[in-house]
Amino acid sequence: MRSWLKKYRKKNKLSQQEMANKLEISQQYYAFIENGERQAELRANMLVKLAQLFGCTVDELLKMEAKGNEPDDVA
């Protein structure tokens, strides 16, 4: 589960559908990403959009993804 992604989404008061729209993917695919389904991977273009949306760097997102961290200072 990508709880850091869910935490960012909720902190920014966005629904899964709104996140999916921003990433230009379906809500179902976004839900798979957020829930950590193996078939649904974060693509490079999605990471760039997420970094812009949350005011962080792609490097920070990749580190959270690799470690499974939940950031305390969510944008």
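Rules behind the numbers
Residues numbered from 1 in each chain as written. Predicted model: local features only at pLDDT ≥ 70, side-chain atom pairs only at ≥ 80, totals over all residues. Heavy atoms only, no water. Buried < 20%, exposed > 50% of the residue type's maximum accessible area, 1.4 Å probe, protein only. Helix = DSSP H or I, 4+ residues; strand = E, 2+ residues; numbered from the N terminus. Contact = heavy atoms within 4.5 Å.

The subject of this paragraph is helix H3 (residues 27-34). Three or more residues of H3 are buried, namely Tyr29, Tyr30, Ala31, Ile33 and Glu34. Residues of H3 that are buried sit in contact with helix H1 (3-11), helix H2 (16-23) and helix H4 (44-54). Immediately beyond the C-terminal end of H3, within one or two residues, lies Gly36, with a positive phi of roughly 75 degrees.

Here we come to unusual backbone geometry. Even without a glycine there, the phi angle at Lys13 is positive, about 55 degrees. Within the secondary structure layout, Lys13 lies in the loop between H1 and H2. Not every positive phi belongs to a glycine, and Glu24 is a case in point at roughly 60 degrees. On the secondary structure map, Glu24 appears in the loop between H2 and H3. Judged by relative accessible area, which is 65%, Glu24 ranks as exposed.

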